[in-house]
Amino acid sequence: MSIAELQRVAAPVAITRGRWVPPVPAASRMRTLYLDANGVGWRSILIDTLLRGVLECRDGDLPPKPLRRFRPVAALFRQLRDVNEALSYIADWREAIAGSPELDVELCNINNLIHFGRCLRRLNEYDLIIVSHAAAGDDVGLLLRAAARFDRRRAPLVVFIGNEYDLLPDKIRFTRETGAEFVCTQLPIEAGRYLYGWATGAQVIEMPHALNAANFHPVPDRARDIDIGFAGDIYWPFIGDRERTEIIEWFERHGEGRGLRCDIRKNRLPRQEWNLFLNGCRAMIGAESGTYYLNERGRVLDEARRFNLSENRAATFDEIYDKFYRGLPRGVSGKCISSRHFEPIGTKTCQLLLEGNYNGILKPDEHYIAIKRDFTNIDDAIERFRDTGYRTRIADRAYDFVMAEHTYRHRVEKLLRVVTATVRA
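Presented here is a report on the structure given in the accompanying data block. (Residues numbered from 1 in each chain as written. Predicted model: local features only at pLDDT ≥ 70, side-chain atom pairs only at ≥ 80, totals over all residues. Heavy atoms only, no water.)

As for unusual backbone geometry
- Non-glycine residue E296 carries a positive phi angle of around 55 degrees.
- With respect to the helices and strands, E296 occurs in the loop between strand 9 (281–286) and helix 11 (299–311).
- Assessed through its relative accessible area of 46%, E296 is described here as partly exposed.
- Phi at D365 is positive, roughly 60 degrees, even though this residue is not glycine.
- With respect to the helices and strands, D365 occurs in the loop between strand 10 (350–354) and strand 11 (369–371).
- Given a relative accessible area of 36%, D365 falls into the partly exposed group. (Helix = DSSP H or I, 4+ residues; strand = E, 2+ residues; numbered from the N terminus. Buried < 20%, exposed > 50% of the residue type's maximum accessible area, 1.4 Å probe, protein only.)

The following block contains the structure:
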């Protein structure tokens with residue numbers, strides 16, 4: 001069903017939880033509010049409200065000439081940038097939704113309190129409201145303070161939960177207090193329903209990241225001089241396992257001895273630089289994202305996170321594991337696929353990954369070269385990697401599969417189908 005059909009049925013049909021979608025002209029696109037966040041904390045709010053909201057500055061703008069000699073002012077203006085540039089999925093989702101032909105999207109950075117306040121006052125004018133991963137990610141304080149204002153909306157509210165191992169109680173509280181109709185999770189659907197369905201009453205939609213082929217693609221004539229590459233953050237101990245860290249450390253210690261040229265970087269790269277890095281590697285290493293420990297609907301994980309980040313940032317993995325996880329049975333798993341698995345695929349870069357479920361999307365030795373968790377087959381995996389024909393077939397098969405079913409366009413189309421079906425039910 002198209003958005004025009006959704007708009008025709010929306011007027012007489014109540015959507016979930018007693019809200020009504022207002023009638024709009026069938027020929028128009030759905031007017032959509034996309035709530036995003038360019039960073040977190042008071043400094044981001046100050047910069048975005050003052051410089052973007054009051055002075056209407058844009059990224060890269062300089063201070064007025066009379067003020068340029070004042071260092072604090074110059075330092076403030078240097079913060080006029082996209083602070084999420086190394087989190088490519090933030091921009092990928094925003095671009096996919098804003099670029100949908102079915103939607104007329106207004107982008108709102110909630111840290112710009114002037115624009116955010118204006119949008120809150122006009123919530124009843126929108127046909128669809130979406131809260132992004134960035135807005136519901138590392139800090140939901142602003143959203144919680146604004147939760148009561150969402151009562152004036154007449155449109156479906158979709159909340160994309162970011163960082164699903166962090167601040168889960170606050171994110172569930174926001175979803176519940178606003179009466180959101182839809183929660184989008186990166187996790188497998190069983191884990192998403194376990195975390196959110198019971199507490200929010202919202203419909204949970206499995207919505208993992210995907211591929212933005214416009215930004216992650218093969219670069220012609222780019223030499224792949226690196227055998228094994230990695231660029232990304234090392235997970236905090238509170239996650240509860242070291243699987244991903246161990247495969248990184250194994251190639252750091254043993255890669256050269258196996259005759260492999262490795263480039264291991266323990267930091268994220270901006271999107272364009274990341275694409276070039278991928279195109280310079282024959283293969284990337286990695287593992288599933290997330291945690292095995294969603295026990296008690298994330299309560300244990302939240303306690304471990306608060307201890308690790310607030311009380312003892314220097315704690316070792318063993319200290320965290322012994323305090324919170326040792327002897328704790330693994331219940332519903334929060335392990336999942338991430339954007340960092342799709343982006344190498346877009347560049348036709350092979351992947352050597354620890355065996356896992358990957359949301360049921362990627363299949364071992366079909367879409368990636370699988371390494372067992374105990375590393376007992378790692379020499380065999382390396383030999384298969386060295387086989388240029390085999391490595392190329394893995395990369396090409398993964399690329400064709402993802403391009404056919406797992407781009408961000410596919411994700412947005414799925415979201416709109418689900419919203420449409422719920423409205424019509």
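That was the structure; now back to the text.
So, the sheet that holds strand 11
- Taken in spatial order, the five strands line up as 8-7-9-10-11 in an open sheet, and their pairing is parallel. Single-partner strands in this sheet number two, and they are strand 8 (262–265) and strand 11. Pairs of neighbouring strands in the sheet enclose a mean axial angle of 20 degrees, with direction left out of account.
- In the sheet, strand 7 (residues 226–231) pairs with strand 8 via four bridges, with the strands oriented parallel. Residue pairing for strand 8: G229 is matched across the bridge by D263.
- Packing against the sheet, helix 10 (residues 271–279) makes contact with strand 7, strand 8 and strand 9, and its axis sits at approximately 110 degrees to strand 9.
- The sheet strands contacting helix 15 (residues 388–405) are strand 9, strand 10 and strand 11, and the helix crosses strand 10 at an angle near 85 degrees. (Pairing = 2+ DSSP bridges. Axes fitted to C-alpha atoms, helices over the stretch in contact; angles between N-to-C directions. Contact = heavy atoms within 4.5 Å.)

Overview of helix 14 (residues 378–386)
- Buried within helix 14 we find I378, A381, I382, R384 and F385. The arc enclosing the buried residues of helix 14, seen along the axis, measures out at 160 degrees, which places them on a common side.
- On the buried face of helix 14, the contacting elements are strand 7, helix 9 (243–254), strand 9, strand 10, strand 11 and helix 15. (Arc of directions from axis to C-beta.)

Some remarks on a nonpolar patch on the surface
- A cluster of nonpolar side chains, W42, L46, L50, V54, L55 and I114, forms an exposed patch at the surface whose accessible area comes to about 580 Å².
- The element contributing the most residues to the nonpolar patch is helix 2 (residues 42–54), with four residues.
- Position of V54 relative to the elements: it lies in helix 2. (Patch = residues over 30% accessible without salt bridge, like charges linked within 9 Å, V, L, I, M, F, W, Y side chains within 5 Å. Areas by Shrake-Rupley, 256 points an atom, 1.4 Å probe, with all protein chains shown as cover. Salt bridge = Lys/Arg side-chain N within 4 Å of Asp/Glu carboxyl O.)

Some remarks on helix 7 (residues 168–178)
- Considered for burial, the residues of helix 7 that qualify are L168, K171, I172, F174, T175 and T178. Projected onto a plane normal to the axis of helix 7, the buried residues spread over an arc of 160 degrees and lie on a single side.
- Lining the buried residues of helix 7 we find strand 3 (128–131), helix 6 (141–146), strand 4 (157–160), strand 5 (182–185) and helix 8 (189–200).
- Among the residues trailing helix 7, G179 stands out with phi positive, at a value near 65 degrees.

Some points on the packing of aromatic side chains
- One pass over the full model with this rule turns up 11 aromatic pairs.
- Centre to centre, the rings of W274 and F277 are 6.0 Å apart; their planes meet at 20 degrees, and the pair counts as stacked. Pair noted here: W274 and F277 are both in helix 10, with a separation of three residues, about one helical turn. No difference in accessibility class separates W274 from F277, as the two residues are buried.
- Measuring from ring centre to ring centre gives 6.3 Å for Y321 and Y325, while their planes differ by 45 degrees; the resulting arrangement is tilted. One end of the pair is Y321 and the other is Y325, both in helix 12 (residues 317–325) and four residues apart, which spans about a single turn.
- You can call Y325 buried: its relative accessible area is 0%. (Phe/Tyr/Trp six-rings, centres within 6.5 Å; stacked < 30°, edge-to-face > 60°.)

Topic: the sheet that holds strand 3
- With parallel pairing, six strands are arranged side by side in an open sheet as 2-1-3-4-5-6. Each edge of the open sheet is held by one strand with a lone partner, namely strand 2 (103–109) and strand 6 (203–206). In this sheet, neighbouring strand axes are inclined to one another by 20 degrees on average, regardless of whether the strands run parallel or antiparallel.
- Examined bridge by bridge, strand 5 and strand 6 share four bridges and lie parallel to one another. Bridging from a neighbouring strand, V183 pairs with V204 of strand 6.
- Across the sheet, helix 8 touches strand 5 and strand 6, and the angle it forms with strand 6 is around 160 degrees.

A word on the pattern of salt bridges
- One pass over the full model with this rule turns up 34 salt bridges.
- Notably, a salt bridge pairs K335 with D241, separated by 2.9 Å at the nearest N-O pair. Residue K335 is found in the loop between helix 12 and helix 13 (339–346), and its partner D241 is found in the loop between strand 7 and helix 9; the two are separated by 94 residues along the sequence. For the pair K335 and D241, one class covers both residues: buried.

Some points on a positive patch on the surface
- Judged by side-chain charge, R118, R121, R149 and R152 come together as a positively charged surface patch.
- Within the fold, R118 resides in helix 5 (residues 113–121).
- The partly exposed category is assigned to R118, whose relative accessible area is 38%. (Lys, Arg positive; Asp, Glu negative; His and termini not counted. Charge placed at Lys NZ, Arg CZ, Asp CG, Glu CD.)

Remarks on the side chain of R153
- Tracing the sequence through the fold places R153 in the loop between helix 6 and strand 4.
- Assessed through its relative accessible area of 3%, R153 is described here as buried.
- Within polar-contact distance, the side chain of R153 engages the backbone oxygen of T178 at 3.0 Å.
- Of the polar contacts made by the side chain of R153, one reaches the backbone oxygen of G179; its length is 2.9 Å. (Polar contact = N/O pair within 3.5 Å; in protein donor to acceptor, adjacent residues only side chain to side chain.)

Here's the deal with the side chain of R340
- Here R340 is to be found in helix 13.
- Judged by relative accessible area, which is 14%, R340 ranks as buried.
- A polar contact of 3.2 Å, which involves the side chain of R340, links it to the backbone oxygen of A86.
- Excluding residues within four positions of it along the chain, R340 makes contact with A86, A231, R268, L269, W274 and Q351.

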